[in-house]
Amino acid sequence: MAFNEKLANRIREAISDHPNVEEKLMFGGVCFMVNGKMCIGVVADDMMCRIDPAIEEIALEKKGCRPMDFTGRPMKGYVYVDEDGMKSKRDFDYWVKLCLDFNPKANAKKKKNGS
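Now for a quick tour of the structure. Nothing here was measured: the structure is a model prediction, and the numbers come from that model. (Residues numbered from 1 in each chain as written. Predicted model: local features only at pLDDT ≥ 70, side-chain atom pairs only at ≥ 80, totals over all residues. Heavy atoms only, no water.)

### Some words on the overall build of the protein
Worth spelling out the cut-off: Numbering of helices and strands starts at the N terminus; helices are DSSP runs of H or I of at least 4 residues and strands are runs of E of at least 2. Throughout, a residue-residue contact means that at least one pair of heavy atoms, one from each residue, lies within 4.5 Å. Surface accessibility in these figures is a Shrake-Rupley result with a 1.4 Å probe; residues are shielded only by whichever protein chains are displayed.
Looking only at helices and strands, the protein has three helices and six strands in total. For the protein, the succession of helices and strands along the chain, N to C, is α-β-β-β-β-α-β-β-α. The C-alpha extent of the protein, read off along each of the three principal axes, is 45 × 30 × 30 Å. Put simply, of all contacts in the protein between residues at least 6 apart along the chain, 51% involve residues at least 24 apart. Accessible surface, the protein: about 7300 Å² in total, of which carbon and sulfur atoms supply 51%.

### Notes on the nonpolar core
Quick note on the threshold: Only buried Ala, Val, Leu, Ile, Met, Phe, Trp, Tyr and Cys residues count toward a nonpolar core, and they belong to the same one when joined by side-chain atoms within 4.5 Å. Burial status follows relative accessibility: with a 1.4 Å probe on protein chains alone, a residue under 20% of its type maximum counts as buried, one over 50% as exposed, and anything between as partly exposed.
Counting residues in each nonpolar core, the largest one holds 25 residues, and the members touching the most others are Ile11, Ile40, Met47, Cys49 and Trp95. Taken together, the elements giving at least two residues each to this core come down to helix 1 (5-14), strand 2 (29-34), strand 3 (37-43), strand 4 (46-50), strand 6 (78-81) and helix 3 (89-102). In terms of residues, this core owes the most to one element, helix 3, which gives six residues. The residues touching Ile11, leaving out its near neighbours within four places in the chain, are Phe32, Ile40, Gly41, Val42, Met47 and Phe92.

### As for helix 3
Here is the rule: How far a helix is expected to stretch is found by multiplying one less than its residue total by 1.5 Å.
For helix 3, built from 14 residues, the straight-helix expectation of 20 Å at 1.5 Å per residue is met to within 8% by its first-to-last C-alpha distance of 20 Å. Among the residues of helix 3, those classed as buried are Phe92, Trp95, Val96, Leu98, Cys99, Leu100 and Phe102.

### Quick notes on helix 1
Here is the rule: What the arc describes is the spread of directions from the helix axis to the C-beta atoms. Here a polar contact means two N or O atoms within 3.5 Å. Within protein one must be a hydrogen donor candidate and the other an acceptor candidate, and residues neighboring in sequence count only if both atoms are side-chain atoms.
Those residues of helix 1 lying buried are Leu7, Ala8 and Ile11. Projected down its long axis, helix 1 shows its buried positions confined to an angular sector of 100°, all on one face. Exposed and facing more than 90 degrees away from the buried side of helix 1 are Lys6 and Glu13. For helix 1, the secondary structure elements touched by its buried residues are strand 2, strand 3, strand 4 and helix 3. One side-chain oxygen of the residue at the start of helix 1 lies 3.0 Å from the amide nitrogen of Lys6, identifying that residue as Asn4.

### Structural notes on the packing of helix 1 against helix 3
Selection criterion: Axis lines are fitted to C-alpha atoms, over the contacting stretch for helices. Their N-to-C directions set the angle, which ranges from 0 to 180 degrees. Angle categories are assigned with fixed cut-offs, so that under 35 degrees is roughly parallel, over 145 is roughly antiparallel, 65 to 115 is roughly perpendicular, and the rest are oblique. In this scheme the handedness of a crossing depends on how the near helix is turned from the far one: anticlockwise by less than a right angle means left-handed, clockwise means right-handed. Polar here means any residue outside two lists: the nonpolar Ala, Val, Leu, Ile, Met, Phe, Trp, Tyr, Cys and Pro, and the charged Asp, Glu, Lys and Arg; Gly therefore counts as polar.
Look at helix 1 against helix 3: their axes get within 11 Å of each other, and the N-to-C directions meet at 65°. With respect to each other, helix 1 and helix 3 are oriented roughly perpendicular. For the pair helix 1 and helix 3, the sense of crossing is right-handed. Residues Leu7, Arg10, Ile11 and Ala14 of helix 1 form the contact with helix 3, whose own contacting residues are Lys89, Phe92 and Val96. A per-class count over the contact of helix 1 with helix 3 returns five nonpolar, no polar and two charged.

Below you can see the structure in the form of structure tokens.
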């Protein structure tokens with residue numbers, strides 16, 4: 001599955017000043033890991049945002065936002081934002097800021113050791 005490279009480039013540029021950013025291909029798209037934690041990404045033409053679950057209901061009321069249901073059921077604290085929800089720079093920056101603001105509070109996935 002291809003993903004929107006133009007959107008990925010917008011995200012790259014928006015988070016370029018942040019240290020400890022790593023790109024990983026996943027979900028058929030690209031995910032930007034910040035401090036070793038999933039933060040923001042692109043799946044097809046949508047921005048995938050990891051946000052504070054405490055504000056998820058408010059976020060879902062925003063134009064273009066819907067639950068991330070990649071596995072067939074919504075994943076708490078993750079949303080998709082389509083093009084309508086990030087047409088303006090202001091709207092795009094809003095979503096990037098939500099992701100970056102939540103990142104320090106987010107739990108990192110525990111790595112499995114080889115034993």
